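# Summary of the model geometry
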Amino acid sequence: MRFRRPHLLGLAGLDAGEIGDLLDRAESSWEAAGTAGWRAKRTPAIARLSVVNLILEPSTRTRCSFEIAEERLGAEHLSVGNEGLSLIKGETLSDTGRTLQAMGVNVFVVRHPEVGAPARLADELPGAHVVNAGDGTGEHPTQGLLDLLVMRRRWGELEGRRIVIVGDVLHSRVARSAVHGFHALGGSATLCGPRHLLPEAVGWPGATVVEDLDGALEDADAVMTLRIQRERFVAGEAVPDRAAYRQKFGLTRERVERLREDTLVLHPGPFNRDVEIDGEVIDSGRTEVWTQVRAGVAVRMAVLSVLAEADPAPEKGP
Amino acid sequence: MRFRRPHLLGLAGLDAGEIGDLLDRAESSWEAAGTAGWRAKRTPAIARLSVVNLILEPSTRTRCSFEIAEERLGAEHLSVGNEGLSLIKGETLSDTGRTLQAMGVNVFVVRHPEVGAPARLADELPGAHVVNAGDGTGEHPTQGLLDLLVMRRRWGELEGRRIVIVGDVLHSRVARSAVHGFHALGGSATLCGPRHLLPEAVGWPGATVVEDLDGALEDADAVMTLRIQRERFVAGEAVPDRAAYRQKFGLTRERVERLREDTLVLHPGPFNRDVEIDGEVIDSGRTEVWTQVRAGVAVRMAVLSVLAEADPAPEKGP
Amino acid sequence: MRFRRPHLLGLAGLDAGEIGDLLDRAESSWEAAGTAGWRAKRTPAIARLSVVNLILEPSTRTRCSFEIAEERLGAEHLSVGNEGLSLIKGETLSDTGRTLQAMGVNVFVVRHPEVGAPARLADELPGAHVVNAGDGTGEHPTQGLLDLLVMRRRWGELEGRRIVIVGDVLHSRVARSAVHGFHALGGSATLCGPRHLLPEAVGWPGATVVEDLDGALEDADAVMTLRIQRERFVAGEAVPDRAAYRQKFGLTRERVERLREDTLVLHPGPFNRDVEIDGEVIDSGRTEVWTQVRAGVAVRMAVLSVLAEADPAPEKGP
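From a predicted model like this one, the values you see are computed outputs, not experimental measurements.

### Observations regarding the overall build of chain A
The helix and strand inventory of chain A stands at 14 helices and 9 strands. The globule rule puts the C-alpha radius of gyration for 318 residues at 20 Å, and the 19 Å found for chain A is close to it. When burial is assessed residue by residue, chain A has 61% of its 318 residues classed as buried. Sequence-distant contacts, at least 24 apart, represent 74% of the contacts inside chain A between residues at least 6 apart. Positive and negative side-chain charges in chain A, numbering 38 and 46 respectively, have mean positions lying 3 Å apart.

Written out as structure tokens, the structure reads:
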């Protein structure tokens, strides 16, 4: 089945056909995604887009990636940055959205600290397209897709593959989107991390939850380590905790050397070098981290192109 | 008379012909204003513009509206945002302007917390065009024009029409520009609000000042409610005051239902739902608020186009 | 010798041929630099650029100047502003650079509070071009080039010319770049200012260090006064210190009137009027300050064009 939805709010609920369709499109944007100054031929569908990046939570990386994707596609776009959140104080996100919509904006790329904010906006803006660019601890579907793209480029397909996700899985929208995507494509996830940062397996389809990283890594097809948010380390305990974390859950050089040679190593960035992943590992070229970034531009170009061709959400009656 | 001034600093002093000229031009940008990805044919006049948006006071809405107008016209443009005000600390606005002018910038869209700042800049930058995008409690002429445009589209002309403006009129640049515009086109304004937030009628041409909203609304052709700035409510008294304000001056559902069916309901946004206007009223489709936003893009495209064709302010002798 | 380096990190070490090459190119961008809406024919070399302005220290002026240069050249570009520095907290500049590089970015314009940050980035990003847009108290080579351009346009060449630089020379990257540039082109600098803000002559090639401004100005070919950073005045002592500074080191009207008629007066901006330079002097038209700004756009267009044609730094082996 092709992806024909008006919005991309999450990977939960998408089937293999829809995800495959998005990945195929991303594949065809691979060259554009890594090439300076690329200018796509502006298709009639793209010429009918007006994209706003509503980046209401700090994010240089995701913002730049979307802006480059929009620029290379030739889509009209503008960004409302961090200052936005305070500027629109007292105005609901929905009213901000309707205001922009009245200016002709029809695609809303939304990064927001609250789970479900992009979905609510989608519900409140008939006729618009909404792309979730990260909602609190909810989903981050374009990140999930870029992880899938990197794997599919290496393996052809994900059927039967096992991916270990290590870190603060409980609060990770990156992990959540990835798990839904693996599951839809026939892979499975092993979730690993400190007990208090692990979720119940319920709600994480096809996932197994373990605490022992070294056991989990045996014969893994890929390992994705998550960024540990420094805010989660208690002041005063920061240094010992970080060292202890690295020892138990970090992708140290030693751990990476014990991996199967063809096991993929992923990290969504930005990195805390020598905490969740050794700087040496990143610099060795053993990881997919830069390929992931390029895949991110390809996926964002693909999503915008597909939405441009989709029918928007129907206008609702009064 | 056609609009042939080098600047748009306010609606005070413009005659009906000049305002009508700007509204005619805005009318011809109506489709562009609401259409995603619109690209005007870049005229030679537009190709000679370089616009800077100097947004030295928080404003997502006005900034986005100008940026979209500039983008759709195909004008060179860049924005100096909120961070600007601190960045240029110690530099006068005039020196900032001359610096940008030396880079070829010739249109200055200025939002500034001080009354008269855009006019002073216009005076200090011979050869440039200045657009006042809101100066303290001074004027906000593009907002005034968009209100006029919405009314003219509905009524054909404003001659003999009576518009009620309710709220903190005293401090409102939106109200001031609107009153000057109505007066020039033959309409009149009834200003209404709490006594301490009402101006003397002097200086508000053709305006009547009243405290009783319900009386004022009888047989009004339009009502424009102003945003109540939360900062004006004293801490601790916030909730009772807001409820009391809504009861006396809010456009509640009940009040709106008592209006003549063809009375226009306007609000410049952003909204404090259930304070100066009921959320229900906005959501009911009974208001012109989204039409106003679209009109704002049309007006800004028109103003930039007209200035592009105008002779700039003459260079002064030494 | 033509300029064929992959980066522009400073003027130290460049020879007269390389600097002359850059100035020749800037000369050919002179009209574009001062003309609103200029669009260069997008050359194949420019079409292969993707520029990021990493402006990690407040700078409206330098950011706008680079953005306008990029826009007029038709180069793909995006800016990461001030908010960036906090956003990428915990990420190294090198990882930020590699991330952007994975998106196809190949030119990094870097303003950074630390000396050497652009050079380190250049070292860590094989295949990229880095332009130092000001690094702490290090260099600001495009500013140095624009000063040279203004002088060369007036004098034809700099051979034998003597330029007085006055102010906080010790901490000035503007002064450092200028001195290296003068020296390479056969001119020399006299450095002047309060004793504690003067450097040793060592490391400032061809420069003489003096404390008496009026003596230094006798028969000078040019005088460049530096911005005094207000932060350097102790609170409480601010006013008397500023007046005293102006008396000893300010370019007052009286001092400027005593200059030779053809002595050039420069200031990098922004100005503290009536501290290091009298407002009256700026407004009299006696200075080159606005010409410097225009030269800044010309130089930035030139540098980006030349780098676009250069071979990038070779990829390093593992």
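So, next bit.
### Some words on the relation of the copies chain C and chain A
Structural alignment of chain C on chain A gives an RMSD of 0.0 Å, achieved by rotating through 120 degrees and translating 0.0 Å along the axis. Here the transformation between the copies is reduced to the relation of a three-fold axis.

### What about the packing of aromatic side chains?
Applying the stated rule across the entire model yields 6 aromatic pairs over all chains. When the centroid spacing of 5.6 Å and the interplanar angle of 45 degrees are considered together, the rings of Y245(B) and F249(B) count as tilted. Residue Y245(B) and its partner F249(B) are both found in helix α11 (residues 238-249); the two are separated by 4 residues, about one turn of the helix. A single burial state applies to Y245(B) and to F249(B), both of which are buried. Judged by centre distance (5.7 Å) and plane angle (85 degrees), the ring pair of F271(C) and W290(C) falls under edge-to-face.

### A word on the sheet that holds strand β9 (residues 264-266) of chain A
Residue and element names in this part refer to chain A. Sheet architecture is open: 5 strands sit in the order β7-β6-β5-β8-β9, paired in parallel fashion. One side of each edge strand has no neighbouring strand; the edge strands of this open sheet are β7 (207-210) and β9. Geometrically, the sheet is characterised by an average inter-axis angle of 20 degrees between neighbouring strands, direction not taken into account. Sitting on the sheet, helix α9 (residues 173-184) is in contact with β5 (162-166), β6 (188-192), β7 and β8 (222-225), with an inclination near 170 degrees to β5.

### Here we look at the side chain of D135(B)
All names here are of chain B. Residue position: D135 is located in strand β4 (residues 129-135). Buried and unpaired, D135 has R173 as its nearest opposite-charge partner, separated by 6.0 Å. A distance of 2.7 Å separates the side chain of D135 from the backbone nitrogen of E139, its partner in a polar contact. Residues in contact with D135, not counting those within four places in the same chain, are H112, E114, V115, G116, A117, P118 and R173.

### A few points about the side chain of D95(C)
For D95(C), the position within the fold is in helix α6 (residues 93-102). Each residue touching D95(C), except ones within four places of it in the same chain, is listed here: F271(A), R273(A) and W290(A).

### Focus: the domain arrangement of chain A
Size of an interface: often given as the accessible area lost when the parts come together. All names here are of chain A. Parsing chain A into structural domains produces domain 1 (16-138 + 294-309) and domain 2 (141-288). Domain 1 puts 27 residues into the contact, and the matching count from domain 2 is 19 residues. When domain 1 packs against domain 2, close to 1,900 Å² is buried across both sides, 62% of that on carbon and sulfur atoms. At the junction of domain 1 and domain 2, the tally comes to 3 salt bridges. Among the salt bridges present, the one from D24 reaches R152, with a minimum N-O distance of 2.9 Å. Where domain 1 touches domain 2, the interface holds 7 residue pairs in polar contact (both at pLDDT 80 or more). When residues of the side of domain 1 that touches domain 2 are traced back to their parent elements, those giving at least two are α1 (16-28), α4 (60-73), β3 (107-112), β4 (129-135) and α14 (289-309). Element by element, the count of residues in the side of domain 1 that touches domain 2 is highest for α1, at 8 residues. For the side of domain 1 that touches domain 2, the class distribution of residues is 12 nonpolar, 8 polar and 7 charged.

### Regarding the interface of chain B and chain A
Counting residues at the interface gives 30 residues for chain B, matched by 27 residues for chain A. Both sides together, the interface formed by chain B and chain A hides about 2,100 Å², and carbon and sulfur atoms give 56% of it. On the surface where chain B and chain A come into contact, there are 4 salt bridges. For R61(B), the salt bridge goes to E91(A), with nearest N and O atoms at 2.3 Å. The interface formed by chain B and chain A holds 10 residue pairs in polar contact (both at pLDDT 80 or more) in total.

### Description of the interface of chain C and chain A
In this assembly, 27 residues from chain C lie in contact with 30 residues from chain A. With both chains or domains summed, chain C and chain A bury close to 2,100 Å², and 56% of this area falls on carbon and sulfur atoms. Across the pair D283(A) and R98(C) runs a salt bridge whose closest N-O atoms are separated by 3.1 Å. Contributing elements (two or more residues each) for the side of chain C that touches chain A: β2 (76-80), α5 (83-87) and α6 of chain C. Looking at which element gives the most residues to the side of chain C that touches chain A, the answer is α6(C), with 5 residues. Among the residues forming the side of chain C that touches chain A, the class breakdown is 10 nonpolar, 9 polar and 8 charged.

### Describing the sheet that holds strand β9 (residues 264-266) of chain B
Residue and element names in this part refer to chain B. In space, the 5 strands of this open sheet follow the order β7-β6-β5-β8-β9, with parallel pairing throughout. Each end of this open sheet is capped by a strand with a single partner; those strands are β7 (207-210) and β9. Put simply, the sheet's adjacent strands are angled 20 degrees from each other on average, direction ignored. Of the pairings in the sheet, the one linking strand β6 (residues 188-192) to β7 comprises 4 bridges and is parallel in character. Counted as the bridge partner of L191 is V209 from β7. Its contacts with the sheet put helix α8 (residues 141-155) on β5 (162-166), β8 (222-225) and β9, and the angle it makes with β9 is roughly 165 degrees. Along the sheet, helix α9 (residues 173-184) makes contact with β5, β6, β7 and β8, crossing β5 at roughly 170 degrees.

### A closer look at the environment of K41(C)
As for its placement among the helices and strands, K41(C) is situated in the loop between α2 (30-34) and α3 (44-47). Along the sequence, K41(C) and R72(C) sit 31 residues apart, while their C-alpha atoms lie 9.0 Å from each other.

### A word on the pattern of salt bridges
In total, this model carries 75 salt bridges over all chains according to the counting rule given. A salt bridge links E57(A) to R173(A); the nearest nitrogen and oxygen atoms lie 3.1 Å apart. Of this pair, E57(A) sits in the loop between β1 (50-55) and α4 while R173(A) sits in helix α9, and the two are 116 residues apart along the sequence. A salt bridge links E114(B) to R120(B); the shortest N-O distance between them is 3.3 Å.

Calculation notes
- Along each chain, residues carry numbers from 1 onward, in the same order as the chain's sequence is written.
- Whichever chain is written first becomes A and whichever ligand is written first becomes 1, with later ones labelled in order.
- Predicted model: local features are reported for residues with pLDDT of at least 70 only, side-chain atom pairs are reported and counted for 80 or more only, and whole-chain, interface and lining totals are derived from all residues.
- Hydrogens and water are ignored here; the side-chain numbers use all heavy atoms of the structure.
- Helix and strand assignments follow DSSP, with helices taken as H or I runs no shorter than four residues and strands as E runs no shorter than two, numbered in order from the N terminus.
- Note on method: radius of gyration uses C-alpha positions; expected globular size equals 2.2 Å times residues raised to 0.38.
- Per-residue accessibility, obtained with a 1.4 Å probe over protein chains only, is compared with the maximum for each type, and a residue is labelled buried under 20%, exposed over 50%, and partly exposed between these values.
- Throughout, a residue-residue contact means that at least one pair of heavy atoms, one from each residue, lies within 4.5 Å.
- All tallies of charge rest on Lys and Arg as positive and Asp and Glu as negative; His and the ends of each chain are not included.
- Just so you know, the charge point we use is NZ for Lys, CZ for Arg, CG for Asp and CD for Glu.
- Fitting of the copies onto one another was done by least squares over C-alpha atoms, counting residues only where both copies have pLDDT of at least 70.
- Aromatic pairs are defined between Phe, Tyr and Trp rings, using the six-membered ring for Trp, whenever the two ring centres lie within 6.5 Å; interplanar angles under 30 degrees are classed as stacked, those over 60 as edge-to-face, and all others as tilted.
- Strands are labelled as partners when DSSP assigns at least two bridges between them.
- Structural elements are reduced to axes, namely lines fitted to C-alpha atoms, with helices fitted over the stretch in contact, and the angle between N-to-C directions of any two is expressed from 0 to 180 degrees.
- Salt-bridge detection follows one rule: a side-chain nitrogen of Lys or Arg within 4 Å of a carboxyl oxygen of Asp or Glu.
- Contacts described as polar in this section are N or O atom pairs within 3.5 Å, which, within protein, must combine one atom able to donate a hydrogen with one able to accept it, while residues neighboring in sequence count only if both atoms come from side chains.
- Domain start and stop positions are those given by an automatic or database domain assignment.
- What gets called buried area is simply the loss in accessible area from a 1.4 Å probe that two parts show on being joined, summed for both.
- Each residue gets one label: Ala, Val, Leu, Ile, Met, Phe, Trp, Tyr, Cys and Pro are nonpolar, Asp, Glu, Lys and Arg are charged, and the others, such as Gly, are polar.

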